[in-house]
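Now for the letters of each chain:
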Amino acid sequence: MKPNILFITIDSLRFDRVFGSEHTSKTPNVDFLIKNGTNFSQTISTSDATGLSIGSIFSGCFPFQTGITHFDYNETIPMFHDILKKNNYFLASTVPDVSFFLKLTSKYDKNYSYVYDKRENWLHLDGGIGEEIIQQLIFLKEKSPWFYYIHLMDLHSPFKLPSEFNSSKFGLTSYDRMISYIDTWLGKFFEQVNFDETIIILSADHGDFIPTHDLKYHGSKNLHNFLRKCKKLFPKLEPLGVKLFTKIKSLVENQKVEKLKNELSSKDLRTLGTRGNTYLFDELLLIPLIISGKNIPKSKNILNMVRQVDIFPTILDLLKIPPSLENIHGQSLCPLLNNEEFKEITAYIETGSRNPKKKGKLIGVRTSEFKYLKSRNLDEHDLMLYDLQNDPNEEKNISNQNLTICKKMERLLSNLQKESPSIIKHDLSKKEEREIKEELKKLGYI
């Protein structure tokens, strides 16, 4: 019997907050996975946006090949879970009820999509989602072999930290304390899993900034309530109210940033930034990847750079299932598990966008030595090159002094794109645009 597969992604989970010197959370269950499995300590996310990242995991391809974004799911692209289904795996999922995840899991045998709305109350793990996952795991014991995909949103900002975890003993920041809380639920899930019959993968879609200062507009609740009343009285004015709310919130936050510019270091200052902007620091890209369970080497820490697109080729290799997908970017990581020769392959990276009609501002490539970024609009004066060996915090852009390295990195980027078949894009319909607007509201972006 082939092993079961439990695949968990935690939205916005940074690698350095579950492993290494920056780790202040209490994570005995993540630690258990690492002790009983293999930890990849240099795993690079494709993007700082969920749809781009998760799409690359399940397709094994970078976004410029598939066209998959959070707002435009390309249903013609073959997915690795299709191969699992053809090999008699029972597919199950627990994901948020946003269109990207609903489309991703539409062919699964059993789905639970939980209500996710950041602007209202939602269930969280403690409010029912955790118990539902436990029930799913109990149900799956009769369905071997199974593949169960879980995507958790509890760490996605702004989050609601349970009061009993709001203590320094669970971490230095609210973000770290939330990880401690999530870890307690991971322990409950693992109690229902037979590690001798299951491969467990724990990862994330992307990382995030952890602010050192509070930029929130604390008058937002009163303003939001006022606008809600106006909506009932004057429904046609709702779009104007949303724009007003967003504008005021943005102005207040920008004013706070300006005041802090003279007080904070460049590294602290950038923690106040947002994803989908004009930077792709490793805080946004370096994610955990832990593989544990049946036939996985124990207490192994791999330093080689690997990529999200490598996850599913590795799973299929572990299962001895031929990948049968052509022109993918991912490669199996099993040679690293087996102490065999392994060739590093360049990681493609790009910023996400909150505008469904536009792509992210930056594209680039990353190796274990350098990170190269440029404007998608090909502005030669907008290049970034970071020496990751000597400047791991990416504080000095050395592109002007290292044009030869820039040209080499540009060739790597160009070759990646040239070697990939083009895709056919379609324009969004009016209905799709309305649905996307509602999605953005649910996610708290407008």
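Reference entry: report on the structure contained in this document. (Residues numbered from 1 in each chain as written. Predicted model: local features only at pLDDT ≥ 70, side-chain atom pairs only at ≥ 80, totals over all residues. Heavy atoms only, no water.)

A separate point is the side chain of H124. For H124, the position within the fold is in the loop between β5 (110–114) and α6 (125–140). Of the residues examined, H124 reaches a relative accessible area of 13% and is grouped as buried. Apart from the residues lying within four places of it in its own chain, the contact partners of H124 are I129, D154, K160 and Y181. (Helix = DSSP H or I, 4+ residues; strand = E, 2+ residues; numbered from the N terminus. Buried < 20%, exposed > 50% of the residue type's maximum accessible area, 1.4 Å probe, protein only. Contact = heavy atoms within 4.5 Å.)

On to the pairing of strand β9 (residues 290–293). On β9, burial covers both faces: I290 and S292 on one face and I291 and G293 on the other are all buried. Bridge count between strand β2 (residues 37–40) and β9: 3 bridges; the pairing is antiparallel. Along β9, the bridge assignment pairs T38 with I291. (Pairing = 2+ DSSP bridges.)

Across all of its chains, the model carries 2 cavities of 30 Å³ or more by this definition. Space inside the largest cavity adds up to approximately 50 Å³. A breakdown of the residues in the lining of the largest cavity according to their chemical character gives 9 nonpolar, no polar and 1 charged. Space inside the second largest cavity adds up to approximately 30 Å³. (1 Å grid on protein atoms, 1.4 Å probe; cavity = no way out; pocket = protein on both sides within 12 Å on 5 of 7 lines; lining within 4 Å. Points joined across faces, edges and corners; volume = space filled by probe spheres on them. Nonpolar A, V, L, I, M, F, W, Y, C, P; charged D, E, K, R; others polar.)

Attention now goes to the sheet that holds strand β8 (residues 286–287). Spatial ordering of the open sheet is given by β8-β3-β11, a layout of 3 strands whose pairing is mixed. One side of each edge strand has no neighbouring strand; the edge strands of this open sheet are β8 and β11 (306–307). Pairing geometry for strand β3 (residues 43–44) and β11, over 2 bridges, is parallel. Bridged to T43 within β11 is V306.

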